[in-house]
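Descriptive structure summary
One-letter residues, chain by chain:
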Amino acid sequence: MSTKHKIDLYALTWRLPIILWQLIFFVGPVVFMIAISFFVVKNYRMTEAFEFVNWQRMLTRGYFWDSYWYTLFIASLSAAIAMMLAFPAAWALAFRASENLRRGAVFLLIIPFFTSYLVRTFSWYVILAESGVLNAMLGYVGLGPFKMLNTHFGTVVGYLTLTLPLAVILQTVTMANIDKTLVEAARNLGCKPLATIWRVVLPLSKTGFVVTALFCFILAFGDFVAPFYLGGSQEPTLPILILDTTKSGQQWPRAAVVAIMMMLTLFAVAFTAIMLAYRKPKVAR
Amino acid sequence: MTEPLVTFRNVEKRFGDFVAVRNMVLDIHEGEFLAIMGSSGCGKTTTLRMLAGLEAPTAGEIRMAGRLMNDVKPHERDTPLVWQSLALFPFLTARENVEFGLKMRGVGAAERKRRALDWLDRMQIADFAERNVATLSGGQKQRVALARSLVMEPKMLLLDEPLSALDANLVIRMQGVLTKLQKELGITFVYVTHSQSEAFAMADRVVIMSQGDIAQVGSPKDIYRTPANRFVAEFVGRNNILSGKVLGGDAKGMQIATPQGTFTAQTPQTPLAPGQSVSFAVSADLLTLSETEPDTVNKAQATLISEEFIGSLVTLFLEGADGMEFKVQMQERALMDLDLSPGATLWLGWDAASASILSEG
């Protein structure tokens, strides 16, 4: 039909705001950032150019790759820890709690997001400091004091502050939607209670769990607050590297290179994760 | 008589204040096809879940082959269940679904595969063994679910309305598959359903439940011909229920005075005193219809209201004295020479043996 090829003005009008928004606040800046990565800085001033010098400088430097692998590692590790710490709570909320308790718990888990992440991060100072609450408590049983601030441990604690409540909520919602009959069916066929987690619950939760882990990873990977304030930034993560690069000699082009590398990494990880999560069941031989 | 496979002794199941099953006494025998039937909330599914160990009785004892089962966990039992939703694992193939229970029992991979394929072949779905179950049709899924339970070689198979999701033609076919399987395997089937046609078509014995109580246990024919009480008479088939007072009687029959006239009914085992209030039921297919007064023991006049065709069977609705609605079920061709215009007055007739007295309840 000829109408198919005509532009539907009515539909376009409604779609326009989102298209404009995406163009101005997403596509535009990304294009701009890619352009900047080819600029050069002369006498502390950024000058338009098209040179590969920034890419060459960053990607051949050991400190960039050290930072890259460290960020990838610690963000993955904290995502994995968040997933594991969240699971028992989410499982109990999904399978053991009443509908009302579950609703109340999810509401309580949203409350942390009411306060600024920065404030929540700073509150860890009181707990993790050399003379803080945790060390004082450990002192009573003859342990410590341990250095917890300005360590990898501090960074992970900060990441978990950001991701753990979200992980519990998403895991709970995922598992609450599982058909409980399937768990009973497994029990009925001789599956022990704990084994149902491996045999039934996890396979059924795959999509939700992969997406949850992806969220945890993305949030940690791009986070600047936790590694800066709790990790002490001795081992700089990529966001801290961006900050340092812009502060030292106005190197916005090199910071852009780091940012693009981060984006590409997130794209690759997200793409792989989504492919994994929504992989079709095999249809035929 | 051999010892029953399962015994329920004064079993009760409460959920908070709600009594799902009350004081149940029931024996399930080896090799029988037992249907538990009732409307939703009558306790039939709870009874089945107690057999599978998914619910523990609040009081009383359930024994299987003499062993007390009250607190035996589901995975420690040999009571596979075919679920209403089938509950096939969507992330596994048909064969992997069938293998699941064997895997849980530690059967080796090769043996598992052989037995699973054997059962899929027996259910005539071997071609779909490696297909994901989500891609199978309703009837095929049904067969996978049956194979998954039967591969465990249980003494007793539990079925929870397994045919309720299928269309009418397939239901009839699966009924055939199920009864044939049960006879071949010789194992006990406990089949929960709300459908009278399913229960009566397949079962050796039917348990009718109402609000947590067993209303009657018997063969389909017994229940159909001699309903024990008003609930069963109303629930099963098309019964005409008349109420009145006992006038008197002997071993051959009881005379009962009702607003529709005085009738003779079969004498029950527990004698009734004159003056006692009583109801009796006459199955709709045991009434005769005629334009002239019949020579049966019992007769009443009624006015034709409407008729309902189900293929060759016709149900006629008539109004008798005191607004009593009579239902008569007949073969369509038996009605040829009757005047069936609405408002026509016809004679109803039935034997004393067709009228069974209902106990209270």
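What counts and what doesn't
- Sequence positions are assigned chain by chain, starting from 1 and proceeding in written order.
- As a convention, the first chain written is A and the first ligand written is 1, with the rest following in written order.
- In keeping with the predicted nature of the model, local features appear solely for residues at pLDDT of at least 70, side-chain atom pairs appear and are counted solely at 80 or more, and the whole-chain, interface and lining totals rest on all residues.
- Hydrogens are left out, water is left out, and the side-chain values use all remaining heavy atoms of the structure.
- In this analysis, two residues are considered to be in contact whenever any of their non-hydrogen atoms come within 4.5 Å of each other.
- Accessible area that two parts lose when put together, with a 1.4 Å probe and added across both, is what the buried area reports.
- Salt bridge, as applied in this entry: a Lys or Arg side-chain nitrogen positioned within 4 Å of an Asp or Glu carboxyl oxygen.
- Under the rule applied, a polar contact is a pair of N or O atoms within 3.5 Å (in protein, one hydrogen donor and one hydrogen acceptor; residues adjacent in sequence only if both atoms are side-chain atoms).
- In this description a helix means any DSSP run of H or I spanning at least four residues, a strand means any run of E spanning at least two, and both kinds are numbered starting from the N terminus.
- Three classes are used: nonpolar for Ala, Val, Leu, Ile, Met, Phe, Trp, Tyr, Cys and Pro, charged for Asp, Glu, Lys and Arg, and polar for all others, with Gly counted as polar.
- Only the contacting stretch of a helix is used when fitting its axis, a line to C-alpha atoms as for every element, and angles between N-to-C directions run 0 to 180 degrees.
- Crossings are sorted by hand: turned counterclockwise from the far helix by less than a right angle, the near helix makes the crossing left-handed, and turned clockwise it makes it right-handed.
- A 1.4 Å probe rolled over the protein chains alone gives each residue an accessible area, and that area as a share of the maximum for its type sets the label: buried under 20%, exposed over 50%, partly exposed in between.
- By definition here, a helix of n residues has an expected span of 1.5 Å times n minus one.
- A residue's bend is given by the angle between axes fitted to the 7 residues ending at it and the 7 residues starting at it.
- A strand pair is defined by DSSP finding two or more bridges across the two strands.
- In this analysis, rings of Phe, Tyr and Trp, with Trp reduced to its six-membered ring, are considered paired at centre separations within 6.5 Å, and the interplanar angle assigns stacked below 30 degrees, edge-to-face beyond 60, and tilted for intermediate values.
- Our definition puts a charge over a ring when NZ of Lys or CZ of Arg is within 6 Å of the ring centre and also within 35 degrees of the ring normal.

The subject of this paragraph is the interface of chain A and chain B. The partner chain B presents 27 residues to the 22 residues of chain A that form the contact. Of the roughly 2,100 Å² buried where chain A meets chain B, counting both sides, 66% is carbon and sulfur surface. Among the residues chain A hides against chain B, the three largest losses belong to N188, L189 and R199 of chain A. Together they make up 32% of the total. Put simply, chain A and chain B have one salt bridge between them. Between R49 of chain B and E184 of chain A there is a salt bridge, with the nearest N and O atoms lying 2.6 Å from each other. Remark: the boundary between chain A and chain B carries four residue pairs in polar contact (both at pLDDT 80 or more). Taken together, the elements giving at least two residues each to the side of chain A that touches chain B come down to α8 (180-188) and α9 (195-221) of chain A. The element that contributes the greatest number of residues to the side of chain A that touches chain B is α8 of chain A, accounting for seven residues. In the side of chain A that touches chain B, the residues fall into twelve nonpolar, three polar and seven charged.

Relative placement of two packed helices is described by the angle separating their axes and the distance separating the axes. Residues and elements named next belong to chain A. It is the contact of helix α3 (residues 62-96) with helix α12 (residues 252-277), at a shortest axis distance of 12 Å, that shows an interaxial angle of 35°. For the crossing formed where α3 meets α12, the hand is right-handed. For the pair α3 and α12, contact is made by F64, W65, Y68 and L72 and by V258, M261 and T265, respectively. In terms of residue class, the contact of α3 with α12 is made up of six nonpolar, one polar and no charged.

This brings us to the environment of W14 of chain A. All names here are of chain A. Inspection of the secondary structure assignment puts W14 in helix α1 (residues 9-36). On the basis of relative accessible area, W14 is assigned to the exposed category, the value being 63%. With 61 residues separating them along the chain, W14 and A75 place their C-alpha atoms 39 Å apart.

Its 27 residues give α9 of chain A an end-to-end C-alpha distance of only 33 Å, which falls more than 12% under 39 Å, the value for a rise of 1.5 Å per residue. Along α9 of chain A, the largest kink reaches about 65° and is centred on K206 of chain A.

All names here are of chain B. One open sheet accounts for five strands, arranged β13-β12-β11-β14-β20; its pairing is antiparallel. Unpaired on one side and paired on the other, β13 (261-265) and β20 (355-358) mark the two borders of the sheet. Strand after strand, the sheet turns through a mean of 45° between neighbouring axes, direction not considered. Note that strand β12 (residues 253-258) and β13 share five bridges and pair antiparallel. What sits directly across from I256, in β13, is F263.

Let us look at the pattern of salt bridges. Applying the stated criterion across every chain yields a total of 24 salt bridges over all chains. Residues E61 of chain B and R63 of chain B are paired through a salt bridge, measuring 3.2 Å at the closest nitrogen-oxygen approach. Note on E61 of chain B: relative accessible area 33%, which makes it partly exposed. According to the relative accessible area criterion, R63 of chain B is partly exposed, its value standing at 28%. Linking R112 of chain B and E99 of chain B is a salt bridge whose minimum nitrogen-to-oxygen distance equals 3.2 Å. With R112 of chain B in helix α3 (residues 109-122) and E99 of chain B in helix α2 (residues 94-104), the pair connects residues that are 13 residues apart, well separated along the chain. Here the two residues R112 of chain B and E99 of chain B agree in accessibility, since each one is buried. Linked by salt bridges that have partners in common, E184 of chain A together with K13, R49 and E55 of chain B make up one network.

Right, let's get into the packing of aromatic side chains. Evaluation of the coordinates by the stated rule reveals 26 aromatic pairs over all chains. Ring geometry for W21 of chain A versus F25 of chain A: centroids 4.7 Å apart, planes at 45°, classification tilted. Placement of both W21 of chain A and F25 of chain A in helix α1 is noted, with a separation of four residues, approximately one turn of the helix. For the pair formed by W21 of chain A and F25 of chain A, the shared burial category is exposed. The interplanar angle of 85° and the centroid separation of 5.2 Å between the aromatic rings of Y68 of chain A and W69 of chain A together place this pair among those described as edge-to-face. For Y68 of chain A, a relative accessible area of 9% translates into the label buried. An aromatic cluster is built from F122, Y125, F224, F228 and Y229 of chain A, whose rings are joined through pairwise contacts. The residue whose ring lies beneath R120 of chain A is F113 of chain A, and the NZ or CZ to ring-centre distance is 5.7 Å. For R148 of chain B, the ring lying beneath its charged end belongs to F89 of chain B, and the centroid distance is 4.9 Å.

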